[in-house]
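# Structural characterization, general
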Amino acid sequence: MSIYNSLKPPYFLLALTLVLFASCRSTKVVSDGTVDSRLSARAVIKRHYQNNLDFNTLRGKVKIGYSDGESSQNFTVSLRMEKNRGIWMSAPLGIVKAYITPERVSFYNKLENEYFDGDFSYLSNLLGTEVDFNIVQNLLLGQALSDLRDQKYKLSVAGEKYRLTPKVQETLYKTLFQVEPQNFKMALQQLSQPLKERTLIIKYQNYQQIGEAVLPNKIDIMAMEEKTENKISLEYRNITLNQPINFPYKIPKGFKKIVLK
């Protein structure tokens, strides 16, 4: 069976949200890759934001693996992105295409003659946490999902990583961050809602150097809720920055709109 025949809307939406990069101009900070016990939580957070990536466009390919405990799939999509404005993805032969903007998530599947066009609310429910364009950008960039400068954190060392936990942890919503010491990018992000038995874990396996930019190379994502667990792996290939791109995307006429509940 072709992977496109078995490609269901929840899976594709979960996969397509995880291919973004962006942010603002900054001064790069690089260490020798060892933890400096003299640094404070504030200093680690400052260096994390100093290493935010600056670029205009990105293009390349993403190898995606998915498993829900009962079945698994692997395929590769083409990716084009303009910072903060749009993300376009296409499976081979354009069988499935997606286009995401800060306002909308849209995709269509030619084999099923159907399409989806809506906001980020379904993705938020799927991942068990509020999701918008900026949060997904940060996730794929190796930046913190939430702004670490908005509250105070405790700093400790775990497995040669800087470990940040809020000094005042919320009851309904708990967070944990680990920062790798070489580029001060995220090594792990964990968000959980204990009362709803929901946990989202993002692990950054390694990073790649592209010119002066440092980008995630491979990311593992686990979304767990009660007795269900979805796993996604992302591996970026042939990434280039600041090349001219366009976004060829138009929902074909006659396709049936998918209504997600």
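Since the structure is predicted, the reported quantities are computational estimates derived from the model, not experimental observations.

### Quick look at the packing of aromatic side chains
All chains considered together, the criterion is met by 8 aromatic pairs. Residues Tyr99 and Tyr249 carry aromatic rings whose centres are separated by 5.8 Å and whose planes lie at 35° to one another, so their mutual orientation is tilted. One end of the pair, Tyr99, is in strand β4 (residues 96–100); the other, Tyr249, is in the loop between β13 (228–241) and β14 (256–257), with 150 residues separating them in the sequence. Taking relative accessible area as the criterion, Tyr99 reaches 23% and is therefore assigned partly exposed. Aromatic pair Tyr108 and Phe255: ring centres 6.3 Å apart, planes at 80°, arrangement edge-to-face. Separated by 147 residues along the polypeptide, Tyr108 in strand β5 (residues 105–109) and Phe255 in the loop between β13 and β14 bring together distant segments of the chain. Of the two residues examined, Tyr108 and Phe255, each falls in the buried class. An aromatic cluster is defined as three or more aromatic residues linked by ring pairs; in this entry it consists of Tyr99, Tyr108, Phe247, Tyr249 and Phe255.

### Structural notes on the pattern of salt bridges
Here the structure, examined in full by the defined rule, presents 6 salt bridges. Arg198 serves as the salt-bridge partner of Glu225, at 3.2 Å between the closest nitrogen and oxygen. In this pair, Glu225 sits in strand β12 (residues 213–225) while Arg198 sits in strand β11 (residues 198–210), placing the two residues 27 residues apart along the sequence.

### Side note on the environment of Met81
Note that Met81 resides in strand β2 (residues 72–82). For Met81, a relative accessible area of 0% corresponds to the buried category. For the pair formed by Met81 and Asn56, sequence separation is 25 residues and the distance between their alpha carbons is 8.5 Å.

### Section: the nonpolar core
Core analysis: the biggest nonpolar cluster contains 57 residues, and Leu148, Leu164, Met186, Ile202, Ile221 and Leu234 have the highest contact counts within it. When residues in this core are grouped by element, the largest group, 6 residues, is from β12. If you look at the next biggest cluster of nonpolar residues, it comprises 5 residues, including Trp88, Tyr108, Tyr115 and Phe255.

### Let's talk about helix α4 (residues 133–141)
Burial runs high along α4: 7 of the 9 residues are buried. Of the positions making up α4, those classed as buried are Phe133, Val136, Gln137, Asn138, Leu139, Leu140 and Leu141. The N-capping residue of α4, defined by a side-chain oxygen 3.2 Å from the backbone nitrogen of Asn134, is Asp132. Where α4 terminates, the next one or two residues include Gly142, which has phi positive at roughly 90°.

### A short note on the side chain of Thr175
With respect to the helices and strands, Thr175 occurs in strand β9 (residues 174–179). Those residues within four positions of Thr175 in sequence are excluded, and the remaining contacts are Pro166, Gln169, Gln190 and Leu191.

### Some thoughts on the pairing of β11
Both strand β10 (residues 186–193) and β11 contribute to a ladder of 6 bridges, which runs antiparallel. Looking across to β11, one finds that Gln190 is bridged to Ile201. Counting the residues in the hairpin turn of β10 and β11 gives 4 residues, including Glu197, whose phi is positive at 55°. Direction of pairing for β11 relative to β12: antiparallel, over a ladder of 12 bridges. Directly across from Gln208, in β12, lies its bridge partner Leu215.

### Focus: the confidence of the model for the chain
Averaged over every residue, the pLDDT of the chain is 81; the share at 70 or more is 84%. Per-residue pLDDT, averaged within each element of the chain, yields its smallest value for helix α1 (residues 9–16) (39) and its largest for strand β8 (residues 161–166) (96). Low confidence marks residues 1–32, where pLDDT is under 50. Its contacts with residues over four positions away, or in another chain, come to 123 contacts.

### Points about the environment of Lys185
The topology assignment puts Lys185 in the loop between β9 and β10. Sequence separation between Lys185 and Tyr207 is 22 residues, and the spatial gap between their C-alpha atoms is 8.8 Å. Residues in contact with Lys185, not counting those within four places in the same chain, are His48, Asn51, Asn52, Leu53, Leu141, Gly142, Gln143, Gln178, Val179, Glu180, Tyr207 and Val214. One polar contact links Lys185 to Gln143, side chain to side chain, over a distance of 3.3 Å.

### Thoughts on unusual backbone geometry
Most of the time, phi is negative for any residue but glycine, and the peptide bond is trans. Phi is positive for Glu226, close to 50°, though the residue is something other than glycine. Tracing the sequence through the fold places Glu226 in the loop between β12 and β13. A positive phi angle is found at Asn242, which is not glycine, with a value near 60°. Take Asn242: it is sitting in the loop between β13 and β14.

Conventions we followed
Counting from 1, residues in each chain are numbered in the order their sequence is written. For a predicted model such as this one, the threshold for reporting local features is a pLDDT of at least 70, and the threshold for listing and counting side-chain atom pairs is 80 or more; totals across whole chains, interfaces and linings nevertheless cover every residue. The side-chain values count all of the structure's non-hydrogen atoms but skip hydrogen atoms and water molecules. Paired rings are identified among Phe, Tyr and Trp, the last through its six-membered ring, by centres lying within 6.5 Å, and are further divided according to the angle between planes into stacked (under 30 degrees), edge-to-face (over 60) and tilted (the rest). Think of it this way: any DSSP run of H or I at least four residues long counts as a helix, any run of E at least two long counts as a strand, and we number them from the N terminus. Buried residues are those whose accessible area, probed at 1.4 Å on protein chains only, stays under 20% of the maximum for their type, while exposed residues exceed 50% and partly exposed ones sit between those limits. Between Lys or Arg on one side and Asp or Glu on the other, a salt bridge is scored when a side-chain nitrogen of the former is within 4 Å of a carboxyl oxygen of the latter. In this text, buried Ala, Val, Leu, Ile, Met, Phe, Trp, Tyr and Cys residues form a nonpolar core when linked through side-chain atoms within 4.5 Å. Here a polar contact is taken to be a pair of N or O atoms separated by no more than 3.5 Å, where protein atoms must pair a possible hydrogen donor with a possible acceptor and residues adjacent in sequence count only if both atoms sit in side chains. Residue contacts follow a heavy-atom distance rule, with two residues in contact if any of their heavy atoms lie within 4.5 Å. We call two strands paired when DSSP finds no fewer than two bridges between them. What pLDDT expresses is the predictor's confidence in each residue, scored from 0 to 100.

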